[in-house]
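Here is how the chains run, residue by residue.
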Amino acid sequence: MIDKKAFHTVSYGLYIIEALDGDGRKVGCIANTFQQVASNPPTVSIALNKDNATSKAIRATGVFSVSVLSINATMELIGRFGFKSSYDIDKYEGISYELWDGGVPYVVEDCIAAFETTVQDTLDVGSHLLFVGAVTASRVLSDDKALTYEYYHSHLKGKTPPRAVTYIEETSTSPEENETRLKQAAKDESSDVKAASSSTARIGWRCTICGYIYEGEELPLDFTCPICGAGVDFFERIEL
Ligand code: FE
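Residue numbering note: each chain is counted from 1, following its sequence as written. Side-chain atom pairs in this predicted model are given and counted only at pLDDT of 80 or more, local residue features only at pLDDT of at least 70, and totals for whole chains, interfaces and linings cover all residues. Note that the side-chain values use all heavy atoms of the structure and ignore hydrogens as well as water.

## Thoughts on the overall build of the protein chain
Here is step 1: In DSSP terms, a helix is any run of H or I states spanning at least four residues, a strand is any run of E spanning at least two, and both are numbered starting from the N terminus. Summing up its helical and strand segments, the protein chain has four helices and twelve strands in all.
Here is step 2: For the protein chain, with 240 residues in total, the buried portion stands at 40%.
Here is step 3: Here, two residues are considered to be in contact whenever any of their heavy atoms come within 4.5 Å of each other. Taking contacts inside the protein chain between residues at least 6 apart in sequence as the whole, the part at least 24 apart equals 62%.
Here is step 4: Here the accessible surface of atoms and residues is derived via Shrake-Rupley with a 1.4 Å probe, and residues count as covered only by protein chains that are part of the display. Total accessible area on the protein chain stands at roughly 13,100 Å², and carbon and sulfur atoms take up 50% of it. Each residue is placed in one exposure class: buried if its accessible area under a 1.4 Å probe, protein chains only, is under 20% of its type's maximum, exposed if it is over 50%, and partly exposed if it falls in between.

Set out below in structure tokens:
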């Protein structure tokens, strides 16, 4: 048997994987699968879902870069690169980034180091492609600590997008169950207000993916996060 919980014991970091597609357009996504696999020559690997725009771009051009996310990275940056598609938006718009000599971008905002890599080999591993590449340039960007996957889940309350290697389908929540949950939360909030009539606390809903806050006592059931596109399942009620 395969106990999926065993996979939760594996440690990872979180990285932005970047490339230029065949048309010279900057694309990128977040992955937890970057690692060094040899010291001489300096060699790394990443695994990306075959359907990702970034995966297709790397396959077309044979070059990618990696930015190591800081523990202080904002959920907005993580949401933009991790939960939106480069097919739909320019993820680099308004973001601080630089270019390697070959023109491949690397995000410097909220990142602590970056690598430029040329693909040496590509292995088809089912849902994902494993790219093995030689590092052609690297630089340190900050003294911050690296963001780990464990910290992302435990402290930032981040979620795992379905295309990630480590995605495990969560216990499904039906629309009815979700509606019940939201109504109960609103009811609890109403009780809280009655219990503390002198309190002037305002209520909002926080997107657990990117941190966006919706101000208001009730979150519309069809609401989606304007930053990362997450649905109401990913919102938690907070006091502002
Ligand atoms: Fe969001």
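Read on, since the account is not over.
## Describing the sheet that holds strand E1 (residues 15–20)
Here is step 1: Strand order across the open sheet formed by seven strands is E2-E1-E5-E8-E9-E4-E3, with antiparallel pairing between neighbours. The sheet is open, and its two edges are formed by strand E2 (26–31) and strand E3 (35–38), each paired on a single side. Put simply, the sheet's adjacent strands are angled 35° from each other on average, direction ignored.
Here is step 2: Bridge count between E1 and strand E5 (residues 63–69): four bridges; the pairing is antiparallel. Its bridge partner being in E5, Tyr-15 is matched across the sheet by Val-68. Think of it this way: DSSP has to see at least two bridges between two strands before they count as a pair. A fitted line through C-alpha atoms serves as each axis, taken over the contacting stretch for helices, and the angle formed by two N-to-C directions is quoted from 0 to 180°.

## A word on the pattern of salt bridges
Here is step 1: What makes a salt bridge here is a side-chain nitrogen of Lys or Arg within 4 Å of a carboxyl oxygen of Asp or Glu, nothing more. Per the counting criterion, the structure on display carries four salt bridges.
Here is step 2: Residue Arg-139 is joined to Glu-98 by a salt bridge in which the shortest nitrogen-to-oxygen separation is 2.9 Å. Separated by 41 residues along the polypeptide, Arg-139 in strand E9 (residues 128–140) and Glu-98 in strand E6 (residues 97–99) bring together distant segments of the chain.
Here is step 3: Taking the relative accessible area as the measure of exposure, Arg-139 reaches 34% and is therefore partly exposed.
Here is step 4: Look at Glu-98 and you get partly exposed, because its relative accessible area is 35%.
Here is step 5: Taking the shortest distance from any N to any O, the salt bridge between Arg-202 and Glu-215 comes out at 2.7 Å. Linking Arg-202 in the loop between helix H4 (175–195) and strand E10 (203–207) with Glu-215 in strand E11 (residues 213–215), this pair joins segments that are 13 residues apart in sequence.
Here is step 6: Judged by relative accessible area, Arg-202 falls into the partly exposed class, the value being 47%.

## Concerning the pairing of E10
Here is step 1: Most of E10 is tucked away, with five of its five residues classed as buried.
Here is step 2: Where burial is concerned, the two faces of E10 agree: the one with Ile-203, Trp-205 and Cys-207 and the one with Gly-204 and Arg-206 are both buried.
Here is step 3: One ladder, built from five bridges, connects E10 with strand E12 (residues 235–239); its direction is antiparallel. Its bridge partner lying in E12, Trp-205 is registered against Arg-237.
Here is step 4: Pairing of E10 with E11 involves three bridges; the strand directions are antiparallel.

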